[in-house]
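Here is what each chain is made of, one letter per residue.
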Amino acid sequence: MSGKIIDGKALAAEIKKDLKEKIGDLKTKPKFAIVLVGRNEASEIYVKNKQKAALEVGIESVLYAFDEKATQKELENLIEKLNKDCSVNGILIQLPLPESLDGQALIEKIDVQKDVDGFCPLNIGRFECGCRNTLVAATPKGVLRLLENAGVKLEGKSALVIGRSNIVGKPMAMLLLEKNCTVTVAHSATQNLPELVRQADIVVSATGRAKMIKGSWLKKGAVVVDVGISRDGNGKICGDVDFESALDVASYITPVPGGVGPMTIAMLLENVLEAYLKQNA
Ligand code: NAD
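What comes next concerns the included structure.

## As for the side chain of Asp115
No. 1: Position of Asp115 among the secondary structure elements: in the loop between helix H4 (103-109) and helix H5 (121-128).
No. 2: For Asp115, the side chain forms a polar contact with the main-chain nitrogen of Phe119, separated by 3.1 Å.
No. 3: Side-chain polar atoms of Asp115 contact the backbone nitrogen of Cys120, separated by 2.8 Å.
No. 4: Once residues lying within four places of it in the same chain are set aside, the contact partners of Asp115 are Ile91, Ile110, Cys120, Asn123 and Leu135.

Given below as structure tokens:
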């Protein structure tokens, strides 16, 4: 058996095309602000990619870049200013922040209507209580869209989410639960990961452990979504899943790169448009 590769790049391109058309019909351009603190090579690349993609679809982005000495107060003041600025529809704090800063406190300062990353507790809590009119975190939202677009049936399936971060694992588990999967969440203290993987119809992995999940762990025909981004021993970008061995066993699998990554950006842009439309309703 050879699994079908889910092409995230192609789906993201379709979504961006659609967004561009919708945005082209608007009277003003949606706009979002990115707050970047310190020098982190990966963060700088992610920010550049987000701004480039925004430009492609007609969304304006403004970067507020600070050096690592930026204070909590300085950043709070900026967020308060952006919250009040009616021309700014979305605010995103690029993570990780330097350890001297309280990132959660800053996220909580963002106006929920402008929380295009979907990380504010109020947005998360509302979603968990069944409200569907909230901004949802881009990466898990993108994973769900990939699965639905591939025609994967979710209802009644057993889903394993590996990783429990606030930005990927936890919201992913909630989204799959909402789609009537039976969800298990594994993490770094989980004892029997290969056994749990073997029981799962759907595996979504977000650990950042290069090629940790082997094809031999998977149930035949499992659907595998790889969120992880790492480098292998040769410095090549790879995911959490050992792609070659998993491809033989899985029914569907996302590649790294070209799977979840492009969808995360497309979903962020979709969230900016959603925020703009709500603010201008
Ligand atoms: P994180 O470090 O906050 O969380 C990692 C999680 O993995 C933790 O909950 C931890 O308990 C779990 N974990 C670590 N080792 C494990 C093990 N051996 N077995 C089981 N669980 C284990 O990371 P994050 O922000 O959630 O990101 C995870 C990965 O996804 C990273 O590689 C990151 O670069 C990537 N990522 C990709 C995208 C994308 O768009 N493709 C978006 C966000 C994050």
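## Here's the deal with the site of the ligand
No. 1: Contacts to the ligand come from 21 residues, most closely from Arg164, Ser165, Ser188, Ile229 and Thr264.
No. 2: Arg209 is positioned with one of its side-chain polar atoms (N or O) 3.0 Å from a nitrogen atom of the ligand.
No. 3: Between the ligand and Ile229, the relevant distance is 3.0 Å, taken from an oxygen atom to a main-chain nitrogen or oxygen of the residue.
No. 4: Contact with the protein chains hides 72% of the accessible area of the ligand, taken as 850 Å² for the molecule alone.
No. 5: Sort the elements by how many residues they give to the shell around the ligand and helix H10 (residues 260-279) lands first, with 3 residues.

## Points about the side chain of Glu270
No. 1: Along the polypeptide, Glu270 turns up in helix H10.
No. 2: The residues touching Glu270, leaving out its near neighbours within four places in the chain, are Ile15, Leu19, Lys141 and Arg145.

## Topic: the nonpolar core
No. 1: Grouped together as the largest cluster of nonpolar side chains are 50 residues, with contacts concentrated most on Leu147, Leu176 and Ile202.
No. 2: Per-element accounting of this core gives the leading share, 11 residues, to H10.
No. 3: Residue contacts for Leu147: discarding those within four places in its chain leaves Val152, Leu154, Leu176, Ile202, Val223 and Val225.

## Focus: helix H6 (residues 138-149)
No. 1: When the terminal C-alpha atoms of H6 are compared, their 16 Å separation across 12 residues agrees well with the 16 Å that a helix rising 1.5 Å per residue should span.
No. 2: Residues Ala138, Thr139, Pro140, Lys141, Gly142, Val143, Leu144, Leu146 and Leu147 constitute the buried set of H6.
No. 3: Check the buried side of H6 and you find it contacts helix H1 (8-24), helix H7 (169-178), strand E7 (202-205), strand E8 (223-226) and H10.
No. 4: Once H6 finishes, Gly151 follows within two positions and takes phi at roughly 80°, a positive value.

So, how was this worked out
Residues numbered from 1 in each chain as written. Predicted model: local features only at pLDDT ≥ 70, side-chain atom pairs only at ≥ 80, totals over all residues. Heavy atoms only, no water. Helix = DSSP H or I, 4+ residues; strand = E, 2+ residues; numbered from the N terminus. Polar contact = N/O pair within 3.5 Å; in protein donor to acceptor, adjacent residues only side chain to side chain. Contact = heavy atoms within 4.5 Å. Near = heavy atom within 4 Å. Areas by Shrake-Rupley, 256 points an atom, 1.4 Å probe, with all protein chains shown as cover. Core = buried A, V, L, I, M, F, W, Y, C linked by side-chain atoms within 4.5 Å. Buried < 20%, exposed > 50% of the residue type's maximum accessible area, 1.4 Å probe, protein only. Expected span 1.5 Å × (residues − 1).

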